[in-house]
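# Understanding the architecture of this molecule
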Amino acid sequence: MTMLIDQATHLRSLVQERRRASVIAVTSGTGGVGKSNIAVNLAIKFSAAGKEVVLLDADLGLANADVLCNIDLPHNLSHVIARKKELREVIVKTPGGFGLIGGASGLARMADLSDSDRQRLINALAELESRADVLIIDTGAGISPNVLAFTRAADHVLVVTTPEPTAITDAYAVIKVLSRDGAERRISLLVNQVTSAGEGRVVHDRIAKVARQFLSVTVFDAGYVLRDEQVPLAVRRRQPFVLGSPRCPASTCISQLAIRLEQGVAGAASGGFFNRMGKWFRR
Ligand SMILES: Nc1ncnc2c1ncn2[C@@H]1O[C@H](COP(=O)(O)OP(=O)(O)OP(=O)(O)O)[C@@H](O)[C@H]1O
Ligand SMILES: [Mg+2]
């Protein structure tokens, strides 16, 4: 009997060791385009599909995923940086089913981590990768060293923009920086707050064309999320919209995004499940 239990434990540890989370960094050029809402609601969709999901709120300085989820976090990344806690110890299970690691809102020193602290944090992510199927990182906006370090740790960078010209220009600037940092991962564009699917497609195609021409980089099409009044209402209610309004247009778009990402998952035979996303992402 004891031997059987020992064997089972051994097998389980082998399975756990082999697990390798896909790491998706959600980023943007301009702030306020919808990254955190997309990251939180996508995390819920993946969890509902039976995946073990961890969301890291890496928007150091302006973290707010905990506010969107209406959850109190006793510890967050600042405790990890201060070496008071291990990363795995600050994960809190949310009502949406995913584990949340809170950022360190309001702590100015988090916004400009030292190189060694930043590296230590990134190294700690590797430990998380063996504990989850999907690790989503809400990086915050812009191209600060912190944001770039988190995007470098990802298999896939989801650049979020809106159809506004300023957001498009800044999304392109981010893609330009990403395309030159030498890291190997997919870059895709998600157009948020569109009034139609066609509007999203036009924005993607414009950015993808310029990126191909001038940066020699492929920007995959992650799709779009419709502008939906339920999103700000959900933010005010502090209940993610896929939970509070599962059938609203924005929720449907998040479902499509999750399916799209998941098809990439199913299509990956080896080497991390997002590595083969190009097969089904529209070029
Ligand atoms: N699809 C949408 N439809 C309508 N409003 C939206 C949509 N997505 C986002 N918003 C609005 O935009 C606001 C900002 O969204 P969010 O906080 O997710 O952006 P962010 O990119 O994470 O911002 P920051 O750069 O400050 O972290 C939301 O509070 C919501 O009111
Ligand atoms: Mg945010």
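Below, the structure is looked at part by part. Source: prediction; values computed, not measured. (Residues numbered from 1 in each chain as written. Chains lettered and ligands numbered in written order. Predicted model: local features only at pLDDT ≥ 70, side-chain atom pairs only at ≥ 80, totals over all residues. Heavy atoms only, no water.)

### Notes on the pattern of salt bridges
Rules: By definition here, a salt bridge exists when the distance from a side-chain nitrogen of Lys or Arg to a carboxyl oxygen of Asp or Glu is within 4 Å. When a residue's accessible area, from a 1.4 Å probe over protein chains only, is under 20% of the maximum for its type it is buried; when over 50% it is exposed; and in between it is partly exposed.
Summed over the entire model, instances satisfying the criterion amount to 7 salt bridges. Across the pair E127 and R131 runs a salt bridge whose closest N-O atoms are separated by 3.8 Å. Assessed through its relative accessible area of 42%, R131 is described here as partly exposed.

### Here's the deal with the packing of helix 6 (residues 115–129) against helix 7 (residues 145–152)
To keep it simple, the criterion reads: Each axis is a line fitted through C-alpha atoms, taken for helices only over the stretch in contact, and angles between the N-to-C directions span 0 to 180 degrees. Put simply, DSSP marks the helices as runs of H or I at least four residues long and the strands as runs of E at least two long, and each gets a number from the N terminus on. Should an angle fall under 35 degrees it is called roughly parallel, over 145 degrees roughly antiparallel, and 65 to 115 degrees roughly perpendicular, with every other angle called oblique. For any helix crossing, the convention is left-handed if the near helix is rotated counterclockwise from the far helix by under a right angle, and right-handed if that rotation is clockwise. Should any heavy atoms of two residues lie within 4.5 Å, those residues are considered in contact. Ten residue types, Ala, Val, Leu, Ile, Met, Phe, Trp, Tyr, Cys and Pro, are classed as nonpolar, four, Asp, Glu, Lys and Arg, as charged, and the remainder, Gly among them, as polar.
Relative to each other, helix 6 and helix 7 sit at 25°, their axes nearing to 10 Å. In this view, helix 6 runs roughly parallel relative to helix 7, as classed from their interaxial angle. Helix 7 is crossed by helix 6, and the crossing has right-handed handedness. Across the interface between the two elements, R118, L121, I122 and L125 of helix 6 pack against P145, N146, A149 and F150 of helix 7. Residues of the contact of helix 6 with helix 7, tallied by class, amount to 6 nonpolar, 1 polar and 1 charged.

### With respect to empty space enclosed by the protein
We count it as follows: A pocket, in this scheme, is an open set of points on a 1 Å grid over the protein atoms alone with protein on both sides within 12 Å along at least 5 of 7 lines, while a cavity is a set where a 1.4 Å probe fits but cannot get out; residues line either one if an atom lies within 4 Å of a point. Grid points are joined across faces, edges and corners, and a volume is the space filled by probe spheres set on the points.
According to the stated counting rule, one finds 1 cavity of 30 Å³ or more in the structure shown. Within this model, the largest cavity holds a volume of roughly 30 Å³. As for the largest cavity, its lining consists of N37, V40, N41, L68, A234, V235, Q239, P240 and F241. Only helix 2 (35–48) and helix 10 (230–237) provide two or more residues apiece to the lining of the largest cavity. With 3 residues, helix 2 is the single largest residue contributor to the lining of the largest cavity. In terms of residue class, the lining of the largest cavity is built from 6 nonpolar, 3 polar and no charged.

### Side note on the site of ligand 1
Put simply, the rule reads: Distances are taken per atom, and a residue is near a molecule or strand as soon as one of its heavy atoms is within 4 Å of it. Under this definition, polar contacts are N or O atom pairs within 3.5 Å; protein pairs additionally need one hydrogen-donor-capable and one acceptor-capable atom, and for neighbouring residues in sequence, both atoms have to be side-chain atoms. A 1.4 Å probe and the Shrake-Rupley method give the accessible areas. Residues count as covered only by the protein chains that appear here. In this description, a molecule resides in a pocket or cavity if more than half of its atoms sit within 2 Å of the grid points defining it.
Lining the immediate environment of ligand 1, one finds 17 residues, of which G32, K35, S36, N37 and N192 sit closest. Here an oxygen atom of ligand 1 and a side-chain polar atom of S36 are 2.9 Å apart. For ligand 1, the accessible surface in isolation is 640 Å², of which the surrounding protein chains cover 80%. Of the pockets mapped on this structure, ligand 1 occupies the largest pocket. Listed by contribution, the elements that provide at least two residues to the shell around ligand 1 are helix 2, strand 7 (186–194), strand 8 (220–226) and helix 10.

### Examining the layout of surface pockets
One number sums up the size of the largest pocket: a volume of about 550 Å³. Lining the largest pocket are 32 residues, and of these G32, V33, G34, K35 and S36 lie nearest its centre. Among the secondary structure elements, those contributing two or more residues to the lining of the largest pocket are helix 2, strand 5 (134–141), helix 7, strand 7, strand 8 and helix 10. When residues in the lining of the largest pocket are grouped by element, the largest group, 4 residues, is from helix 2. Classifying every residue of the lining of the largest pocket gives 14 nonpolar, 13 polar and 5 charged. Computed from the structure, the second largest pocket encloses a volume of approximately 170 Å³. D221, A222, G223, Y224 and R260 are the residues nearest the centre of the second largest pocket, which is lined by 13 residues in total.

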